[in-house]
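# Coordinate analysis (summary)
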Amino acid sequence: MIPIKRNTEPRSKLWWLRLFLILAAAMACLQAYQGVPATRLTQWICSKSATPAILVDGTSAVPDHAESPAAEPSTNAAALVPQPDSAGIARITSLLLTKSHYLQHQIDDEISSKFFDQYLDALDPLHLIFLQTDVKEFEPYRYRLDDLILRRGDTTPAYVIFNRMRVRFAQQVTFVNQLLKTEKFDFTGNERYLYNRRTAPRPKDLEDAKKLWRERVRYEFLQEILNKEKPDEIVKIIERRYTRMQRFLDEYDSGDVFQIYLTALTHAYDPHSDYMGAAQLENFAIGMKLSLFGIGALLKSEDGYCKIVQLVPGGPAEKSKKLKPNDRIIAVAQENQETVDVVDMKLAKVVEMIRGTKGTKVRLTIIPADASDPSTRRVVTLVRDEVKLEEQEAKAKIVELPDRHEMRLGIIDLPSFYSEMPTAEKSVGLKSTTADVARLLHKLNQEKISGLILDLRRNGGGALEEAIDLTGLFIKKGPVVQIKSYDGSISEGEDRDPSVLYDGPMIVLTSHFSASASEILAGALQDYGRAVIVGDSSTFGKGTVQQLIQLEPYMRQFGFDSTNNPGALKLTIRKFYRANGASTQLDGVKPDVCLPSPSDYAEIGESSLPNALPWDTVPSASFQPVNMVQAYLPELKKLSDERLATDPDFIYLRAEIERVKKALADKTISLNEAQRWKEKQEADARQQTRKKELLARPAPDQKVYELTLKQADLPGLPPPLAQTNDLIASVNKNLTSDSDSETKSEDDSMPVVDATMAETERILIDLITLSAKSK
């Protein structure tokens, strides 16, 4: 185990990506890093790096257990078996898990049972593939997987189960194709489709499975009707979809299955430990280049859809303002080429279609995350470009308020905690988050801001040392974070610099996507009473440290032959704690002033992940709070609540939240066509009313000056941003055009309103006023 030192703190996956884009260096043998939890089905669209897709959608074939699988429809693919070197890799992985993971837990029957369930759910998350009789047949493996992998490195169960799934998938394809040829679906009844079957029982037998498959096809058919497709075309769309699903499943090789299997093992310990096979490591290394070309988005496969997890700051997708997290991509088209349906397509294939040469265009058909009806479509065209690190740096803006005697508010947008690694060629003048923010703060101080907002809403973490040093810009000195190892030893990361760069009124703005290092900074400033925390009901809640361990040296050390790269293991090795002793794990950081957010009701954050480590505490570190905000918190909450009660943006937001809550609680959707058309028309009417209300608003009576790091070093301020809202103007034009088509045009978008930031600015004004009265 490598001890953590001040210059070798855990780094985030996103941090490593950005750092290596500068250095173009190879991955180190052992690199500790910290950051946003990596989903096993994610992939950077702007590069070739990331995890290969492993999740097969729940619409897979299941034959009756009473019948021999060999008698079922052929998958046109040979049965997969373990690779020659898989035994050695499996044994080394199990050894490192038992010896180096934070839990220090042997791979015993308890882990074996979790391992078994994790693997089945990785293959069949919606419980539509395997019959209950299948699971009963596999049940003897439940408490034997530990013995098999520890003693012999035997991964045979992985292939037995996977091969069964692939055969059964072929049967579902046959069933669906026959169903589409013979049945005329009726959508006049009151049936409802359960689209979220994660906790539902698996089908009992073949007849039970066929009922589920039929309802799934009815649901898909109605979705296309609502998208105004003709019946004959709908049949072709669904047939192609299932055929393509089978083709991609047949493309899985032994290495893909091996990765799924060992990842299921690591996830039995915690959701952030992973096994990365040779192909994934190779792709990850390819992505560590000086430039990335694509749209700049992190995607994952979820229930058959390609879902946007995160937009890379400064990338084409983020710049366009047309895409956002949780949007689902359902079709992709190259410039001047036909659109290709990507529902249930293997994630790696979707990524390959979206990547491309700089300057070329790609068209994405999406289901917007905020769509009230899942049949809503929108087409977005993006120009592939280089994702430049300069646009991912910290940046600032000054909001000048004429109605408050030219009061100026400073806002710093920090997308990550980046830090450049020293090399033999360069050891001074390294890129640093703290140094960049210090430059911006120096400029904001020169321009005499009255208060500061540090926006961490999209900050997934990064370099721990930067989080510590950045906190030090706002406090004199003291412990910022505590770090606990598996043996119970606790070390402190502290700020030793007594200087303070900014001591005025301050707010830290967070969301459910603020993770890891962001939570350390927010928690520290809350513990010290230095800043008011505003945002979602909590941050992400990731308070663990992972370490990336290359397996090749261990293979040689223990005498295992491997002609190929055996991959790497990412292990959770430590936990973070705030200065007051509370863990940031699971619960995250709670805000002082909570603002309404749809994210509060979605499955986002550490608490939604299986086998997440628990929240706990350690003794408080010795530190001296400054208590600059505690006295004002009750009044700040009261004033904010009064505004939110009448603010039109939050009234609209609360209504949308109630609709989201209802849909999430129901987990079903109507299969009555008339009802769905009615719901769709009501949703469209709400959208139009909202657009008209936004367009009727007067231009804001304020000046906004944007500051990059280059501008921070120049005298004076750049010209203020123009008040004309190009997006609102485009929407105004679109309101007068034909809007009958359900496939939204690029301009048919809701005007961008950052209600959360607007209210945060008002809270900061209140804090400035209360602080001035107190002084």
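For every chain, the first residue of the written sequence is number 1, and numbering continues from 1 along that sequence. Predicted model: local features are reported for residues with pLDDT of at least 70 only, side-chain atom pairs are reported and counted for 80 or more only, and whole-chain, interface and lining totals are derived from all residues. Only heavy atoms go into the side-chain values, all of them from the structure, while hydrogens and water stay out.

### As for the overall build of the chain
- Each helix is a run of H or I in the DSSP string that is no shorter than four residues. Each strand is a run of E no shorter than two, and both are numbered from the N terminus. Looking only at helices and strands, the chain features 22 helices and 25 strands.
- Scored against the burial criterion, the 775 residues of the chain give a buried share of 56%.
- Residues are treated as being in contact if the distance between any of their heavy atoms lies within 4.5 Å. For the chain, the share of sequence-separated contacts (at least 6 apart) that also reach a separation of at least 24 residues comes to 79%.
- By element, 52% of the accessible surface of the chain is carried by carbon and sulfur atoms, the whole surface being about 31,700 Å². The buried label applies to any residue whose accessible area, calculated with a 1.4 Å probe on protein chains only, is under 20% of its type's maximum; exposed applies above 50%, and partly exposed to all values in between. Where accessible areas are quoted, they stem from the Shrake-Rupley method and a 1.4 Å probe; at the residue level, only the protein chains shown are allowed to cover.

### Here we look at the packing of aromatic side chains
- For Phe, Tyr and Trp, where Trp contributes only its six-membered ring, two rings pair if their centres lie within 6.5 Å, and the inter-plane angle classes them as stacked under 30 degrees, edge-to-face over 60, or tilted in between. Inspection of every chain in the model, using the stated rule, returns 11 aromatic pairs.
- In this structure, Arg 328 is placed above the aromatic ring of Tyr 305, and the distance from its NZ or CZ to the ring centre is 4.5 Å.
- Geometrically, a charge over a ring is one whose NZ (Lys) or CZ (Arg) sits within 6 Å of the ring centre while staying within 35 degrees of the ring normal. Between the NZ or CZ atom of Arg 690 and the centre of the ring of Tyr 652, over which it lies, the distance is 4.3 Å.

### Quick look at the sheet that holds strand β15 (residues 451–455)
- DSSP bridges decide pairing: two strands pair if at least two such bridges lie between them. Across the sheet, which stays open at both edges, the 7 strands sit in the order β22-β19-β18-β15-β14-β13-β24 with mixed pairing between neighbours. Both outer strands of the open sheet, β22 (593–594) and β24 (703–707), are each paired with one neighbouring strand and no more.
- Here strand β18 (residues 506–510) pairs with strand β19 (residues 532–535) via 4 bridges, running parallel. Across the sheet, the residue bridging to Val 508 is Ile 533, located in β19.
- Convention adopted: a line fitted to C-alpha atoms gives each axis, helices being fitted over their contacting stretch, and angles between N-to-C directions are expressed from 0 to 180 degrees. On top of the sheet, helix α15 (residues 517–527) reaches β15, β18 and β19; it is set at about 145° to β18, its chief contact.

### Some details on the pattern of salt bridges
- One side-chain nitrogen of Lys or Arg within 4 Å of one carboxyl oxygen of Asp or Glu is enough to make a salt bridge. Going through the model one piece at a time under the given rule, you end up with 57 salt bridges.
- Measuring nitrogen to oxygen at the nearest pair gives 3.0 Å for the salt bridge that ties Asp 117 to Arg 142. Linking Asp 117 in helix α3 (residues 109–123) with Arg 142 in the loop between α4 (132–138) and α5 (145–152), this pair joins segments that are 25 residues apart in sequence.
- Under the relative-accessibility criterion, Arg 142 is labelled buried at 12%.
- A salt bridge links Arg 762 to Asp 647, with the nearest nitrogen and oxygen atoms 3.3 Å apart. Placement of the pair is Arg 762 in helix α22 (residues 755–774) and Asp 647 in the loop between α17 (633–646) and α18 (648–666), with a sequence separation of 115 residues.

### Details of the pairing of strand β17 (residues 490–495)
- Judged from the 6 bridges that link them, strand β16 (residues 478–485) and β17 form a sheet pairing that is antiparallel. Residue Val 481 lies in a different strand from β17, and its bridge partner there is Gly 493.
- Hairpin connection from β16 to β17: 4 residues lie between these consecutive antiparallel strands, with Gly 488 at a positive phi of about 90°.

### So, unusual backbone geometry
- One non-glycine residue with positive phi stands out, namely Lys 228, at about 65°.
- One non-glycine residue, Lys 448, adopts positive backbone phi at about 60°.
- Inspection of the secondary structure assignment puts Lys 448 in the loop between α13 (433–446) and β15.

### Looking at the packing of α17 against α18
- Running from amino to carboxyl end, α17 crosses α18 at an angle of 75°, the nearest separation of the two axes being 5 Å. With respect to each other, α17 and α18 are oriented roughly perpendicular. For the pair α17 and α18, contact is made by Leu 644, Ala 645 and Thr 646 and by Pro 648, Phe 650, Ile 651 and Arg 654, respectively.
- Three classes are used: nonpolar for Ala, Val, Leu, Ile, Met, Phe, Trp, Tyr, Cys and Pro, charged for Asp, Glu, Lys and Arg, and polar for all others, with Gly counted as polar. When its residues are assigned to classes, the contact of α17 with α18 shows 5 nonpolar, 1 polar and 1 charged. An angle below 35 degrees is read as roughly parallel, one above 145 as roughly antiparallel, one from 65 to 115 as roughly perpendicular, and any other as oblique.

### Some details on the environment of Ala 755
- Here Ala 755 shows up in helix α22.
- You can call Ala 755 buried: its relative accessible area is 13%.
- Beyond its immediate stretch of four places on either side in the chain, Ala 755 contacts Asp 649 and Phe 650.

### Structural notes on the packing of α17 against α22
- Look at α17 against α22: their axes get within 10 Å of each other, and the N-to-C directions meet at 140°. Between α17 and α22, the angle falls in the class oblique. By crossing handedness, the relation of α17 to α22 is classed as right-handed. The residues of α22 that touch α17, namely those facing Glu 635, Leu 636, Leu 639, Ser 640, Arg 643 and Leu 644, are Glu 759, Arg 762, Ile 763, Asp 766, Leu 767 and Leu 770.
- Of the residues belonging to the contact of α17 with α22, the class tally is 6 nonpolar, 1 polar and 5 charged. Note on convention: near helix rotated counterclockwise from far helix by under a right angle means a left-handed crossing. Clockwise means right-handed.

### What to know about a nonpolar patch on the surface
- Only residues whose relative accessible area exceeds 30% and that take part in no salt bridge are eligible for patches, with like-charged residues grouped when within 9 Å of each other and nonpolar side chains (Val, Leu, Ile, Met, Phe, Trp, Tyr) grouped when within 5 Å. Side chains of Tyr 601, Val 660 and Leu 664 sit close together on the surface and give an oily, nonpolar patch of about 230 Å² of accessible area.
- By secondary structure assignment, the location of Val 660 is in helix α18.
- Val 660 gets classed as partly exposed once you look at its relative accessible area, which sits at 32%.

### Looking at the side chain of Ser 597
- Residue placement: Ser 597 occurs in the loop between β22 and α17.
- Aside from chain neighbours lying at most four places away, what touches Ser 597 is Asp 536 and Ile 657.

### Things to note about α3
- Here α3 spans 21 Å end to end across 15 residues, near enough to the 21 Å set by a 1.5 Å rise per residue.
- Buried positions along α3 lie against α4, α5, α6 (156–182) and α9 (254–267).
- Where α3 begins, the side chain of Asp 108 points an oxygen toward the backbone nitrogen of Glu 110, at a separation of 3.1 Å. How far a helix is expected to stretch is found by multiplying one less than its residue total by 1.5 Å. Definition of a polar contact: a pair of N or O atoms within 3.5 Å, with one able to donate and the other able to accept a hydrogen when the atoms are protein atoms, and with sequence-neighbouring residues admitted only if both atoms are side-chain atoms.

### Digging into the confidence of the model for the chain
- The quantity known as pLDDT measures the predictor's confidence residue by residue, on a range of 0 to 100. Summary statistics for the chain give a mean pLDDT of 83 and a share of 84% for residues scoring 70 or more.
- Under a pLDDT of 50 for its full length, residues 284–291 has, in the predicted model, 25 contacts with residues more than four places off or in other chains.
- Here residues 724–747 is modelled with pLDDT under 50, and outside its nearest four sequence neighbours on either side it reaches 42 contacts, counting other chains as well.

### A look at α15
- For α15, a buried count of 11 out of 11 residues is recorded, marking the element as mostly surrounded by other parts of the structure.
- Residues of α15 that are buried sit in contact with β15, α14 (464–471), β16, β18, β19 and β21 (568–578).
- Once α15 ends, the next one or two residues include Gly 529, with phi positive near 70°.

### Quick look at the pairing of β15
- Counting buried residues in β15 gives 5 out of 5 residues, a clear majority hidden from the surface.
- Of the two faces of β15, the one holding Gly 451, Ile 453 and Asp 455 and the one holding Leu 452 and Leu 454 are both buried throughout.
- Here strand β14 (residues 407–413) runs beside β15; their pairing, made up of 5 bridges, is parallel. In the strand pairing of β15, Ile 411 is matched with Ile 453.

### Some thoughts on the nonpolar core
- Formed by 118 residues in total, the largest nonpolar core has its most connected members in Tyr 119 and Val 508.
- Here this core gets 11 residues from one element, more than from any other, and that element is α6.
- Those residues in contact with Val 508 that sit more than four places away from it in its chain are Leu 454, Leu 456, Leu 521, Ala 522, Leu 525, Ala 531, Val 532, Ile 533 and Val 534.
- To define a nonpolar core, start from buried Ala, Val, Leu, Ile, Met, Phe, Trp, Tyr and Cys residues and group those joined through side-chain atoms within 4.5 Å. Of all hydrophobic cores here, the second largest spans 29 residues; its members include Val 399, Met 407, Tyr 632 and Val 704.

### Let's talk about the environment of Pro 598
- Residue placement: Pro 598 occurs in the loop between β22 and α17.
- Note: C-alpha distance between Pro 598 and Arg 659 (61 residues apart in sequence) is 9.9 Å.

### Remarks on the environment of Leu 717
- With respect to the helices, strands and loops of the structure, Leu 717 is situated in the loop between α20 (709–712) and α21 (726–735).
- Taking the relative accessible area as the measure of exposure, Leu 717 reaches 26% and is therefore partly exposed.
- Put simply, Leu 717 and Glu 447 are 270 residues apart on the chain and 8.5 Å apart in space, counted from C-alpha to C-alpha.
- Not counting the four nearest positions on each side in its chain, Leu 717 is found in contact with Ile 398, Arg 408, Lys 443, Glu 447, Tyr 705 and Leu 707.

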